[in-house]
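The primary structure of each chain is shown beneath.
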Amino acid sequence: MAGLSALPGRDEERALLARAVDGLCAGHGAVLDLAADPGLGKTGLLHLLARLAADRGATVLRARAEGPDAKPYQVYRDALGGDVPPPGSADGIPWDTGADRDLLRALRDRCADPAGTVLLLDDFHHCDPASARLTERLLGEPPPDRLLLVLAHRPRQTPPALLAALDAAKQAGAVLRVEPAPLTAAAVAALLPAADEHRAERLHAASGGNPRILHLLLAAGPDPDHWPERSDAAAGPLLRAAAPLIAELDTLPPAVADVLAAAAVLGEPFRLGDVARVAGEHTDRTADALAELGRADLVRSLGPGRDLAFRHPALGRLVHHRLNPGLRLNAHRRALALLEARGAPAAARARHAEQLLLGGGPAEAVPVLVEGAAEVVVRSPATAARWLRAALESAPADTHDARTRVALALDRCRALTAAGRLEQARALGHEILRTPGGLPEPLDVQALAVCVGVERLLGRYAEADAMARTVVDRLPRPLPAPLPAATADLVLDYGLLHAVRGTAAEVRALAHEGAAAAAATPGAEDGRTALRVLAAFCDSYAGDFALAAPEVERCGRLVDARPDTVAGRAPDVLALLGCAELYVERFTDAHRHLSRGLATASGGAHKHLAVNHLLGLSILDQWAGRLDLAQRHAREAERLGTEIGAPDVVGLAMAMRASALLWAAPRRRTAEVVALAEQGLRRTVPGSGWWAGSAVGLLAQARLVGGDPAACLRTLLEESGGEDLHLLQPAAHPSLFALMTTAALLCGDLDTARRSARAADAAAERLGRLPFQQSQADRAAAAMAFVDGDPARAAELALGAARVLRGLRMPVQYAWTVIAAAPVLAQAHGPAAALGELDEALDAARACGALRLCEDGARVRAALTSGGAGGSPADPVPDPSEPAALLGSLLSAREREVAELAADGLPSRRIAERLVLSPRTVDAHLGSIYRKLGVSSRSALARLLHGPGDPAGRDPIR
């Protein structure tokens with residue numbers, strides 16, 4: 001890792017240091033209080049300050065405090081060298097002794113350098129009492145004119161009297177305080193070798209923004225979550241990165257170090273009594289050791305009378321990693337016995353059982369691992385998979401019968417799947433299917449269900465279908481009641497396969513039979529709920545909304561009444577339900593269930609399920625005008641799809657991101673947005689149903705809005721099976737036929753346009769004329785009415801559609817509809833009425849940062865006002881491609897001022913001074929400006945306002 005002075009996110013600290021050096025060079029002495037927790041970069045800032053001062057010709061003196069047992073005035077004497085007279089004994093002497101005066105005189109003598117002197121005192125929290133006393137006196141007097149005294153310390157370990165003196169001097173204006181803040185997620189991302197927003201967020205959360213801890217986690221490997229339990233942790237890089245922490249640990253007395261090791265074995269949080277038992281120490285001696293660890297800020301209390309924890313979890317991991325293997329094994333054995341006697345949950349005991357097995361411990365630890373894996377599989381499937389592997393590998397073959405071992409292997413396969421390790425899960429699943437002599441019932445069906453699910457997630461739909469049919473085709477029809485659990489699992493996985501394959505009609509009858517059979521199965525409420533949701537999804541996908549709508553509502557109530565861990569199926573069920581609710585236009589319910597499913601599948605687990613929720617939320621966010629969040633959800637789905645090797649997910653996520661960018665990015669970036677949508681369609685597996693079909697619709701819309709109606713029409717006709725769009729989901733037919741109508745009209749193909757408009761209305765009728773889909777059919781009908789010479793009817797239909805969309809809180813669709821219909825409204829009701837509707841639409845577009853719609857609306861407004869209305873003059877509207885028009889159409893007056901100054905390169909503090917605002921208010925304005933203009937940084941803002949010739953270049957759409 002680069003030195004701290006090179007770290008991003010330290011601009012404010014650098015500016016403060018530069019100001020202190022400027023003051024010194026101007027003859028103004030000062031005290032600089034550099035206070036921060038360990039690892040936040042105090043020493044690096046001292047190095048930077050030393051370089052800044054040396055470059056200005058100042059004398060730089062520095063020393064490090066060695067602890068309270070050092071000789072009197074040790075840190076000052078080390079810094080001043082041989083110029084300090086022997087102070088004599090300092091024990092108990094008052095401040096006005098000759099020793100104090102002599103040292104102070106020597107200090108002032110060294111400050112005679114005309115360029116000034118910088119005295120850097122590091123680790124000052126370790127200073128000896130005499131040095132602390134002298135510093136308190138210095139803080140009570142004006143500092144020498146040519147001296148910059150810098151005290152770098154940890155406030156938690158600094159003597160209280162010295163802290164009080166520093167605070168008093170700061171209140172009097174005699175001290176400049178620099179407090180390095182934790183790094184932001186953006187600063188952490190800048191340190192990574194490749195752009196990886198999610199990894200940066202995880203590392204930022206894990207490190208707390210502490211550069212030293214971040215360095216340690218990076219050295220632990222690409223996935224530090226399981227360090228130090230992982231046996232493949234790279235010891236060399238890890239120990240080198242941990243050198244400062246190890247040096248801190250090596251200063252501990254042996255008895256104190258033993259107590260710290262016991263705490264590391266127990267894991268956080270820990271209690272005094274437990275630490276004493278694992279360390280094999282008396283409670284009072286353990287309490288003394290923990291108190292010493294607290295004074296050293298290695299251990300912290302979680303509150304009065306509460307448990308204890310390490311300063312940072314990584315510190316406990318490091319202590320555990322460095323333990324002698326024999327001592328570690330004995331400590332874990334004592335910890336396991338302690339937890340067993342207490343009746344602790346298996347998940348708490350399994351960590352210690354795993355360590356015993358790694359050390360060649362007894363096979364009696366295996367059941368603890370198996371039980372612990374069952375407890376954590378939902379929230380931490382990777383840990384469950386590791387424990388199950390240890391159990392299978394550690395137990396002799398005759399410990400379990402063949403049935404039990406296969407069941408454990410299936411559990412591990414499910415855990416690997418939930419952890420997103422699909423290729424490993426697939427290999428293990430196929431190994432289970434090849435069990436010599438075959439699998440007994442019902443394990444054979446369970447194994448097939450697991451393998452079908454993995455093949456589906458990997459996009460191998462043909463293989464998944466072939467596997468499932470080996471059992472499904474032999475099932476009695478109708479399905480028997482009660483329904484065996486293994487059969488219910490297979491029906492659900494088979495239904496999920498057809499749901500993503502775009503062939504839900506093929507499994508619709510089986511889903512209804514499964515739901516009916518499960519309803520007669522006692523004690524299978526979770527299975528009944530899952531199969532009912534599957535059946536409701538199939539109905540809604542097919543567009544049978546008369547049957548689907550009431551059942552979807554009932555399923556929503558059933559799911560709301562169930563806990564998150566619905567037999568491990570909650571994310572699957574919530575994704576199916578959310579998508580069904582999207583189709584039947586229960587948008588609020590869909591958002592609630594998809595958000596719940598995403599939370600259930602979060603934390604690195606169930607990546608294959610999280611992507612479905614992210615994609616659904618991306619659609620909802622875009623419709624609701626949350627364009628930045630829509631992009632973020634799509635990008636996260638793209639990342640997860642790449643991690644699990646699911647090309648369909650990656651492709652659709654790219655197309656969805658392009659769809660949000662289509663509205664958020666300026667028109668000049670149309671080619672990039674369309675290229676992203678094209679790339680997304682290419683990434684989906686050809687003929688893969690729902691994924692590719694959804695990507696087709698998004699690409700067609702991007703091409704139409706981007707100004708290429710011929711390409712839009714070609715996309716719809718060639719990729720969806722012809723004019724009837726039979727390869728695309730019926731639930732979306734009205735909006736797709738409406739796209740086709742507009743594209744055909746713009747291409748001059750009136751016959752295709754007329755047929756498509758009729759098809760849109762017929763599709764909307766089949767779907768029960770739900771508001772959103774009916775509004776799309778009405779848009780198509782409005783376009784045809786205008787072509788047929790009936791502007792009044794066209795205006796009525798267009799306004800009706802717009803008001804429906806506004807009522808549904810779909811600002812992007814609402815604004816797009818009004819902007820497209822404004823010329824029709826002007827012809828039917830006059831320019832004034834059209835401008836009134838247009839201004840409301842522009843307000844909606846501005847509020848959600850739809851930059852393209854703001855540009856298009858400004859052009860339409862300019863055209864409407866150029867000819868006037870009713871003979872009255874109209875204000876001219878400038879070309880929206882000009883920066884002034886861009887600012888005027890999107891931003892408030894104050895936002896325009898902030899944007900112009902930020903684009904000129906002024907930092908927030910300078911802008912605040914110029915406009916008499918607080919820096920926080922400036923940053924809030926900048927956040928709003930970035931959202932409205934579709935940019936993410938000051939450099940991008942400058943390029944947008946200064947034109948493509950700006951030397952900073954242009955942000956790519958990644």
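In case you missed it, the structure is sitting above this.
What this report covers is the structure whose coordinates are included nearby. What you see is a predicted model; the values in this text were computed from it and never measured.

### As for the packing of aromatic side chains
Link 1 in the chain: Within the structure shown, the criterion is met by 8 aromatic pairs.
Link 2 in the chain: Measuring from centroid to centroid gives 5.9 Å for Phe537 and Tyr541, while their planes differ by 40°, and the two rings are tilted. Here Phe537 pairs with Tyr541, and both are found in helix H26 (residues 525–541), just 4 residues apart, close to one helical turn. Per residue, the accessibility class of Phe537 equals that of Tyr541, and both read buried.
Link 3 in the chain: For the cation-ring pair, Arg779 lies above Trp816, with the distance from its terminal atom to the ring centre recorded as 4.1 Å.

### Things to note about the sheet that holds strand S5 (residues 175–178)
Link 1 in the chain: Taken together, 5 strands build an open sheet; the order of strands is S2-S3-S4-S1-S5 and the sheet is parallel. The two strands at the open ends of the sheet, each matched to only one other strand, are strand S2 (59–64) and S5. Adjacent strand axes in the sheet meet at a mean angle of 15° when their direction is disregarded.
Link 2 in the chain: For strand S3 (residues 117–122) and strand S4 (residues 147–153), the ladder comprises 5 bridges, and the chain directions are parallel.

### Comments concerning the pattern of salt bridges
Link 1 in the chain: One pass over the full model with this rule turns up 55 salt bridges.
Link 2 in the chain: The partner of Arg532 in a salt bridge is Glu551, and the shortest N-O contact between them spans 2.8 Å. Residue Arg532 is located in helix H26, and its partner Glu551 is located in helix H27 (residues 545–560); the two are separated by 19 residues in the primary sequence.
Link 3 in the chain: Of the residues examined, Arg532 reaches a relative accessible area of 27% and is grouped as partly exposed.
Link 4 in the chain: Among the residues examined, Glu551 registers a relative accessible area of 15% and is labelled buried.
Link 5 in the chain: Connected through salt bridges with shared partners, the residues Glu553, Arg557, Asp560, Arg586, Asp589 and Arg592 form a single ionic network.

### A short note on helix H29 (residues 587–600)
Link 1 in the chain: The terminal C-alpha atoms of H29 lie 20 Å apart, and with 14 residues this matches the ideal 20 Å at 1.5 Å per residue to within 8%.
Link 2 in the chain: Of all the residues in H29, the buried ones are Phe587, Asp589, Ala590, His593, Leu594, Gly597, Leu598 and Thr600. Taken end-on, H29 shows its buried residues confined to a sector of 160°, consistent with a single buried face. Among the exposed residues of H29, those pointing more than 90 degrees away from its buried face are Thr588 and Ala599.

### Remarks on the nonpolar core
Link 1 in the chain: Of all hydrophobic cores here, the largest spans 191 residues; its most connected members are Leu531, Trp663 and Leu853.
Link 2 in the chain: Contacts of Trp663, omitting those with residues within four sequence positions, involve Gln622, Leu627, Gln701, Val705, Val812, Trp816, Gly849, Ala850, Leu851, Arg852 and Leu853.
Link 3 in the chain: Core analysis: the second largest hydrophobic core is formed by 46 residues, Leu203, Leu214, Leu266 and Leu338 among them.

Rules behind the numbers
Residues numbered from 1 in each chain as written. Predicted model: local features only at pLDDT ≥ 70, side-chain atom pairs only at ≥ 80, totals over all residues. Heavy atoms only, no water. Phe/Tyr/Trp six-rings, centres within 6.5 Å; stacked < 30°, edge-to-face > 60°. Helix = DSSP H or I, 4+ residues; strand = E, 2+ residues; numbered from the N terminus. Buried < 20%, exposed > 50% of the residue type's maximum accessible area, 1.4 Å probe, protein only. Lys NZ or Arg CZ within 6 Å of the ring centre and 35° of its normal. Pairing = 2+ DSSP bridges. Axes fitted to C-alpha atoms, helices over the stretch in contact; angles between N-to-C directions. Salt bridge = Lys/Arg side-chain N within 4 Å of Asp/Glu carboxyl O. Expected span 1.5 Å × (residues − 1). Arc of directions from axis to C-beta. Core = buried A, V, L, I, M, F, W, Y, C linked by side-chain atoms within 4.5 Å. Contact = heavy atoms within 4.5 Å.

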